[in-house]
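Listed here are the chains, written in short residue letters.
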Amino acid sequence: MGEVISSPLPFLVVLAPLIVAAAAPMLGRWPNAREGVSIAGALATLGLVAALLPDALEGKAATASLVELSPGIEVTLRADAAGMLFALLASFLWVLAAVYSIGYMRGLEEQKQSRFYAAFALSVGAALGVAFAANLLTFVLFYELLTLFTYPLVVHRETPEAVRAGRKYLAYTLTGGLALIGAAAWLAMLGVDASFRAGGFLGEQRWWTDGQLWALFFLLVGGVGVKAAVMPMHSWLPAAMVAPTPVSALLHAVAVVKAGVFGMVRVLIFVFGADLLRDMGAWQVIAAASGATLILASFLALRHDNLKRRLAYSTISHLSYIVLGVALLGPLALTGALLHMVGHGVTKITLFFCAGAIHVRTHRDQVSGMAGIGRQMPITMGAFALASLSMVGIPPFILFTSKWYLGWGAAEVGQQAFLILYMVSGVLSAAYLFPIVIRAFGERSPAFPRFGEADARMVVPIASGE
Amino acid sequence: MIWQLEMALYALLLAAAVLALWTRDLIAAVATLTIYSFLAATLMALMGAVDVALTEIALGAGVTGVLFIGAVSLMKRRSVD
Amino acid sequence: MEHLPILIPLPLLAASLVVPLAGLWAPRAVFPLSVAAIALSAAMSALALAEVVAEGEALRYTLGGWAPPIGIEYVVDHVSAFVAAVITSVALMVVVAARRAAAREAAGRRGLFYALVLLLLAGLTGMVVTGDLFNVFVFMEISSLAAYALVSLGGRAGMFAAYRYLILGTVGGSFYLLGVAFLYFTTGTLNIADTARLLAETEPNISVAVGAAFIFAGLGVKMALIPLHLWLPDAYTFAPSSVNSLIAPIMTKVGAYVMVRMFLSVFPEGYLTEEVPVSQALIALGLAGSVYGAYAAMGQRDLRRMLAYSSVSQLGLLAVGIGIATPLGLAAALLHVMNHALMKGALFLVAMSMRMGAGVSDVRMLAGVGRRMPVTSSVFAVGAVAMVGIPPTAGFFSKWYLSIAAIDEGLWFVLAVVLASSLLSAVYLFRVIERLYLAPAPVIAGGADDGSESDAAASAQDGGVRESPLDVTLPMALLALAAIVLGVLNVVVMERVLEPGL
Amino acid sequence: MRLFALALALGTATLFIAASVDLPDRGDPDAPASNYVAPYYVEHVEEDIGVENVVSAVLADYRSYDTLGETVVIFTAGLAVLLALARRERHE
Amino acid sequence: MEEVAARFPFWMIGALLGVGVWGMLGKRSLVKKLIGLNIFQSAIILFFIVGSMHTGATVPILWHGQHNPHAEDFVNPLPHVLMLTAIVVSVAITAVALAFMVRLHRAFGDLDEERILDELRR
Amino acid sequence: MSERHESALLHFMVRAVMTPAIMLYGLYVLVHGELSPGGGFQAGAILAAGLILSWLTLGRKSESSIFSRRTLIVVTVLGMVLYTGTGILAMLFGGDYLDYGAIPLEWLDYALPGELTRRQMGVFGIEIGVALAVFGTLSLAADYLTAPRSGDEEGEEQ
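Treat the numbers as computed from the prediction; the structure is a model and nothing was measured. (Residues numbered from 1 in each chain as written. Chains lettered and ligands numbered in written order. Predicted model: local features only at pLDDT ≥ 70, side-chain atom pairs only at ≥ 80, totals over all residues. Heavy atoms only, no water.)

> Tell me what's going on with the overall build of chain B, and back it up with residues and numbers.
On a plain count of helices and strands, chain B comes out with three helices and zero strands. Its helices and strands taken in sequence order, chain B reads α-α-α from the N to the C terminus. Put simply, chain B shows about 2900 Å² of open surface, and 73% of that area lies on carbon and sulfur atoms. (Helix = DSSP H or I, 4+ residues; strand = E, 2+ residues; numbered from the N terminus. Areas by Shrake-Rupley, 256 points an atom, 1.4 Å probe, with all protein chains shown as cover.)

Quick look at the structure:
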């Protein structure tokens, strides 16, 4: 990791959403002001992240150290390359989501919008903290905060179903967080400097026994794997679909699962290091789990008629693309994984926004009920179609690039089996996404009111088209 | 001090303790407890602890006994066990 | 300020004499007098803490002018100053916040009520700062007697709970005294420092071992260690709100403090681990307690009872920290003393505030209170989050240090159990949060009529539920805030206060 | 509960009796308790305080703080009894 | 026999402690619990007093005008002081417990633990 | 002897003989606590026993008696104040808490016969405080405990 420079910027990046969160409830009586603040905050955050970009491109990592959390362990925020990527993704998508939320929330006259905006901002702040966390304890801190701040969003509807989903969400993610805490405590006790370093810091210590390494591996990977929704730890994600669509977008694209995947990158590459994982043979465990998830989730997606649920399983499947890419431990596969993380974020948010738009206008959630909808909402469904194409991995779109890298990476490390896996799953993606598009444009059905939602969804597809 | 006497006192003490818990008549139990206190005070005096013995008689036997009797006389006289 | 140590309990003691008279002739003066006394005591504790930290050594004070083994001394070192400062300041917050509740619950007996509160605190602070084994017993009995009396205010159920508490508490006190007897007959002294010196010289023998066992059994009752916790749930549930919010955060903590003191400065190092299996027993019982308490709390409907079982759980963790007995373990335990005092103080005040504002303490009836009582509910949320141990609240860090200390000793299962009990506490605490914030949702199954009943109750309440006044919410919010601020600044506490003292 | 109580009672008794094995015999003049602090009280009470009853001297002077605590215990008990039984003051 | 006499008090005190604990925890009647408590505490008091003895020593009260007293002539006064305190504590606790009991009797009309519990559950 | 006479005799015996005798013994125990067994606690208990005995035999007229409940509270607090106050006084004169040696009491030499040291005076003061407190508390406790129905029932509701 290149040069380290001291800068308050990473701290400000995390702080900005907090200010929004504080302001949102206070402005609860003036919705316009509240949402203005929300958008302004999102833009400001994006600006701050962008301000960090030049340094990051030069290989310098801006670092801000705050209070000491435990003797010798400080809360340190550092904007390194991987972190910047995630932070850019999150802050950019936040802007989109902020704009979109206005239409969605007002359109449905959702309750408690102030709480929604506040919690949303807090979640993004925590996700940015996860992105910039420079050591394991800081990472755990923000990871847990992310859980906590997203909980009000998941249960936003306050229906029994939402409450159940919220419980499930907490049960899964808190357990994962505790596993991380356990691992962090262990490392802290051993006096290991748990700052993330490319190549990993565990490999530096030569006195680990195999059993200890494996225990650490399961604690850490299990901890981040929950949020990354690797099977069998995935079931909170489809359940959380009851939340409003912007929340799903947050969960799937902006913050939560991406934090999990990003955590996977941190754990595998920056904690263990490729060499150590290869020595242990541990990568095979993840590769097997994520490979299985890849296919299984795709099949499950096929079976679901509820659009959001189908998209959720698609997310699970695509997350495993990334995890698998990381686990392959090749440089190409890693690049592909990171690209896929960004690309999937952008694409999936489009899909969700479209699903949300359909819901707002028509109150239909089932795929089978969407016949002919494309005629009524051409822009929405057009974007949906483009995003679907990208999801499947058709050339001009970003996900094609990332899949290309991933497949190439798999071949590079001599794992052609996974290359085939990627291709099969691409076909399956087509199988569960295209019928929606075809049905939407092809078939005719009772008339809908004219389509409505404006700005947000029009911006998104453009981004998706690379 | 004569150890035979001491042993006898201890035996009586134990007997009084068991009896106080055994009897179902609460007034009798309280009376036995007072006797227990007196016996304990005697033992203490024999062991040279005259101050403690005096206190035990005044407070332990006297006041406790009076308070017990006063309270128990307001209640049912018999206990279940 | 050479008199600093005695000035910690003395204001409380002196005020407790005036307050009952004030209750007879000038009822209006009762509350200000009591608060002033507690504030003075808290200020003195803080001052003592500052001085100890600055000087780096303990303040010693001979009572009656007689040097230690002959007379009684007060020792204010890092640990005791810390605990004294914590309990007095939490007590100050609670007493201020509980004014209205106390005015109702002890109507017409306010003088007696506040006198007993002051005596309770005097007893606890006295236990903390004393350097004499027997003096600990005397002040323990003062605080216990006051606690029994206060618990008995809670109607007939409270009276019965108080009676059982009295019996079990006295068993605890007497066991402690019996243990002290063994120590005294082996060493010939009652002074703590002196006992430590002499015990280090004596051959390990069974008298000392059993003495230690009796002492810890007695203290185990006082701090509600698991099979000895039977008094706690009833006492906390049926005591009036103004009382349980005072007793729950501080009472058991002082028992724990005395345990720490035993490890720290009475028994020679390693004695309680190698000669007597006290450490092992503490760890085993503590773990069992932390899981059992959390499990039992899950099944409770009454908020206060739930919090009481959660206390059992948290105290179990505390006992584990003490049992680990390394400096880090003891530091974790002491940090947990502080955290738990703050969190439980806040949570029981929430329960009080809800009983006042919403008229209920049944968890199922709390639906929708979150909107009506925003401050109270958010304090509950913060307290719950801290109790579960999510960073950066204070609760996280005591568990963090506890885990580190446990791993350090190779006690892996401790880590597992700590994490498991955190999860269990998340289950019952988030259930309440759901109730508070998420509108009347009959999620907790149990038949249709159950749900509709709570719905009806919720809609009926809607008109009556309102936020408590500022003098209730402010102290509560301060406690919750402290739980966060001290969590972030825990390193300051650890490095400046606890580590030099251990 | 009853079994638990019985076990606890027997346990206490046996533990105590087992532990007393290592205690000095009753009346042992070499017992540490009689040889460390106690002699000081007897030998210095005359010059220190001038009270002939050593117990009184220890009670009220050497360890007067304990006695204060003891009086406070009684006082607390008095207040507790009042709190439990006294008629409420109406004029408040 | 002398040997036995020297240890005998400890056995008896142990037995008394056991009886006291049984009374406190095993009896259902609240009065009996309190009696057990008194027995338990006075057993502890006796234990302290036994430990304060030594052979050939007498009551710790100096003869009038006596100078340079020898410590071995007097029994150890310290446990006596402690036990004065303990007796007072035990009386205080008894008084409070009795006050509770009077109130409990008024509220429940009974002093049997089980019946009170039944009543409370209803 | 008629019942009335019997009662009068009882009154006389208790009022004029027994109670004063017990009280006197209590005072003796208090004053001689420094020389012989006894002291504040015992004295207080004996004094209280005297009072309680007269109550038990003659029936309580606590409202009319000089020892009304309120008086007893005041007596108790007075005893406590005497004790703590002595301690605080010692602090004010520069000693430690309860360090009677620091209280200058020489002027008392002129008022009292014999040679009393400062410490003896302190001990005596304390013992009086203890006696008062114990007397007051125990009498109060006995008064309330033996009264058939002294409290009200307001507290009995759930």
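> Requested: an account of helix 2 (residues 30-52) of chain E, with residues and values cited.
End to end, helix 2 of chain E covers 34 Å across 23 residues, agreeing with the expected 33 Å (1.5 Å per residue, within 8%). In terms of burial, helix 2 of chain E is largely enclosed, as 23 of its 23 residues are buried. (Expected span 1.5 Å × (residues − 1). Buried < 20%, exposed > 50% of the residue type's maximum accessible area, 1.4 Å probe, protein only.)

> Provide a residue-level description of the nonpolar core, including the pertinent values.
Core analysis: the largest hydrophobic core is formed by 565 residues, its most contacted members being Phe272(A), Phe267(C) and Trp400(C). With 22 residues, the single largest contributor to this core is helix 3 (residues 77-108) of chain E. Structurally, this core is a two-domain feature, drawing no fewer than three residues from each of domain 1 (1-278) and domain 2 (281-466) of chain A. (Core = buried A, V, L, I, M, F, W, Y, C linked by side-chain atoms within 4.5 Å. Domains from an automatic or database assignment.)

> Any details on the layout of surface pockets? Residues and values, ideally.
The calculated volume of the largest pocket comes to roughly 1500 Å³. In terms of lining residues, the largest pocket is bounded by 43 residues, among which Leu122(A), Leu145(A), Leu148(A), Phe149(A) and Val382(C) are the most central. Among the elements of the structure, helix 1 (9-26), strand 2 (61-70), strand 3 (73-79), helix 4 (113-132) and helix 5 (136-154) of chain A together with helix 18 (374-388), helix 20 (412-437) and helix 22 (470-488) of chain C are those that each provide at least two residues to the lining of the largest pocket. Looking at side-chain class alone, the lining of the largest pocket contains 38 nonpolar, three polar and two charged residues. (1 Å grid on protein atoms, 1.4 Å probe; cavity = no way out; pocket = protein on both sides within 12 Å on 5 of 7 lines; lining within 4 Å. Points joined across faces, edges and corners; volume = space filled by probe spheres on them. Nonpolar A, V, L, I, M, F, W, Y, C, P; charged D, E, K, R; others polar.)

> So what about the environment of Met262(C)? Which residues, and what values?
Mapping Met262(C) onto the fold places it in helix 12 (residues 241-266). In the structure, Met262(C) is positioned 129 residues away from Leu133(C) in sequence and 9.7 Å away in space, judged by C-alpha atoms.

> Hey, could you go over a nonpolar patch on the surface for me, with residue numbers and the actual values?
On the surface, a nonpolar cluster with roughly 730 Å² of combined accessible area is contributed by Leu66(A), Val67(A), Leu470(C), Leu474(C), Leu478(C), Leu481(C), Val485(C), Leu489(C) and Val492(C). Mapped by element, the contributors of at least two residues to the nonpolar patch are strand 2 of chain A together with helix 22 of chain C. No other element matches helix 22 of chain C, which puts five residues into the nonpolar patch. Inspection of the secondary structure puts Leu470(C) in helix 22. (Patch = residues over 30% accessible without salt bridge, like charges linked within 9 Å, V, L, I, M, F, W, Y side chains within 5 Å. Salt bridge = Lys/Arg side-chain N within 4 Å of Asp/Glu carboxyl O.)

> Tell me about the sheet that holds strand 1 (residues 4-6) of chain A, and please be specific about residues and values.
All names here are of chain A. Taken in spatial order, the three strands make up an open sheet running 1-2-3, and their pairing is mixed. Looking at the sheet topology across the chains shown, the edges are occupied by strand 1 and strand 3. Geometrically, the sheet is characterised by an average inter-axis angle of 45° between neighbouring strands, direction not taken into account. Pairing of strand 1 with strand 2 involves three bridges; the strand directions are parallel. By the bridge assignment for strand 2, Ser-6 is matched with Thr-63. (Pairing = 2+ DSSP bridges. Axes fitted to C-alpha atoms, helices over the stretch in contact; angles between N-to-C directions.)

> Any details on the interface of chain C and chain D? Residues and values, ideally.
With 54 residues of chain C at the contact, the number on the chain D side is 40 residues. Counting the surface chain C buries against chain D, the share from its top three residues, Trp66(C), Ile70(C) and Arg109(C), is 16%. Counting residues per element, the ones that place at least two in the side of chain C that touches chain D are helix 2 (10-25), strand 2 (72-76), helix 6 (110-129), helix 7 (133-151), helix 8 (155-187), helix 9 (192-201) and helix 10 (206-222) of chain C. Residue composition of the side of chain C that touches chain D, grouped by class: 38 nonpolar, ten polar and six charged. (Contact = heavy atoms within 4.5 Å. Buried area = accessible area lost by both parts, 1.4 Å probe.)

> Describe the interface of chain B and chain E, naming the residues involved and giving the relevant values.
On the chain E side, the residues contacting the 43 residues of chain B number 51 residues. Overall, the association of chain B and chain E removes approximately 3900 Å² of surface from exposure, summing both partners, and the carbon and sulfur fraction of that is 81%. The largest contributions to the chain B side of the interface with chain E come from Tyr10(B), Leu21(B) and Met47(B), which together make up 17% of the buried area. Our count for the contact surface shared by chain B and chain E stands at zero salt bridges. At the junction of chain B with chain E, the criterion picks out five residue pairs in polar contact (both at pLDDT 80 or more). Contributions of two or more residues to the side of chain B that touches chain E are made by helix 1 (3-22), helix 2 (26-46) and helix 3 (50-72) of chain B. Per-element accounting of the side of chain B that touches chain E gives the leading share, 13 residues, to helix 3 of chain B. Taken together, the residues of the side of chain B that touches chain E sort by class into 31 nonpolar, six polar and six charged. (Polar contact = N/O pair within 3.5 Å; in protein donor to acceptor, adjacent residues only side chain to side chain.)

> Which residues make up the environment of Ser314(A), and what are the values?
All names here are of chain A. Within the fold, Ser-314 resides in helix 13 (residues 307-327). Relative accessible area serves as the criterion here: at 0%, Ser-314 is assigned to the buried category. Leaving out residues up to four positions away in the same chain, Ser-314 has contacts with Ala-301, Lys-348, Met-391 and Tyr-432. A distance of 3.4 Å separates the side chain of Ser-314 from the side chain of Tyr-432, its partner in a polar contact.

> Help me get a handle on the pattern of salt bridges, residues and values and all.
Tallying each qualifying case throughout the model produces 20 salt bridges over all chains. Between Arg99(C) and Asp471(C) there is a salt bridge, and its shortest N-O distance comes to 3.3 Å. With a gap of 372 residues between them, Arg99(C) in helix 5 (residues 99-105) and Asp471(C) in helix 22 connect regions that are remote in the sequence. On the basis of relative accessible area, Arg99(C) is assigned to the partly exposed category, the value being 33%. Among the ionic pairs, Arg115(E) bridges to Asp110(E), the shortest N-O distance being 2.6 Å. With relative accessibility at 40%, the residue Arg115(E) sits in the partly exposed group.

> Account for helix 17 (residues 398-412) of chain A, with residues named and values stated.
Residue and element names in this part refer to chain A. Counted at 1.5 Å a residue, the expected span for helix 17 with its 15 residues is 21 Å, and the 21 Å between its end C-alpha atoms agrees. Residues of helix 17 that are buried: Ile-398, Leu-399, Ser-402, Lys-403, Leu-406, Gly-407, Gly-409 and Ala-410. Buried residues of helix 17 fall within an arc of 160° about the axis and therefore sit on the same side. Looking one or two places after helix 17, you find Gly-414, whose phi comes out positive at around 80°. (Arc of directions from axis to C-beta.)

> Can you explain the environment of Leu177(C)? Please cite residues and give values.
With respect to the helices, strands and loops of the structure, Leu177(C) is situated in helix 8. A C-alpha to C-alpha distance of 21 Å links Leu177(C) and Tyr163(C), two positions 14 residues apart in sequence. In this structure, Leu177(C) is in contact with Phe134(C), Phe137(C), Ile44(E), Phe48(E) and Ala86(E), ignoring residues within four places of it in sequence.

> Describe the packing of aromatic side chains, and please don't skip the residues or the numbers.
To describe a pair of aromatic rings, one takes the distance between the centres and the angle between the planes. All chains considered together, the criterion is met by 45 aromatic pairs over all chains. Ring geometry for Phe217(A) versus Phe218(A): centroids 5.5 Å apart, planes at 75°, classification edge-to-face. Three or more aromatic residues joined by ring pairs form one cluster here, namely Phe175(C), Phe182(C), Tyr184(C), Phe185(C), Phe214(C), Phe16(D), Phe10(E), Phe40(E), Phe47(E) and Phe48(E). Sitting above the plane of the Tyr143(A) ring, Lys227(A) keeps its charged end 3.5 Å from the centroid. (Phe/Tyr/Trp six-rings, centres within 6.5 Å; stacked < 30°, edge-to-face > 60°. Lys NZ or Arg CZ within 6 Å of the ring centre and 35° of its normal.)

> Provide a residue-level description of the side chain of Thr84(F), including the pertinent values.
As for its placement among the helices and strands, Thr84(F) is situated in helix 3 (residues 69-92). For Thr84(F), the contacting residues outside a window of four places in its chain are Leu13(C), Leu17(C), Leu68(D) and Tyr97(F).

> Before we move on, can you summarise the confidence of the model for chain B with the specific residues and values?
When pLDDT is averaged along chain B, the result is 86, and 99% of the positions lie at 70 or above. Ranking the elements of chain B by mean pLDDT puts helix 3 of chain B last, at 86, and helix 2 of chain B first, at 90. (pLDDT = per-residue confidence, 0-100.)

> Could you give me a rundown of the arrangement of the chains, with the residues and numbers involved?
As for chain B relative to chain A, no contact occurs, and the smallest C-alpha gap between them is 50 Å. The two partners chain B and chain C share no contact, and the minimum distance between any of their C-alpha atoms is 15 Å.

> Can you explain the side chain of Asn38(E)? Please cite residues and give values.
Residue placement: Asn38(E) occurs in helix 2. Overall, Asn38(E) belongs to the buried group, its relative accessible area being 9%. Once you skip the residues sitting within four places of it in the chain, Asn38(E) turns out to touch Leu33(B), Thr64(B), Phe68(B), Ser90(E) and Thr94(E).

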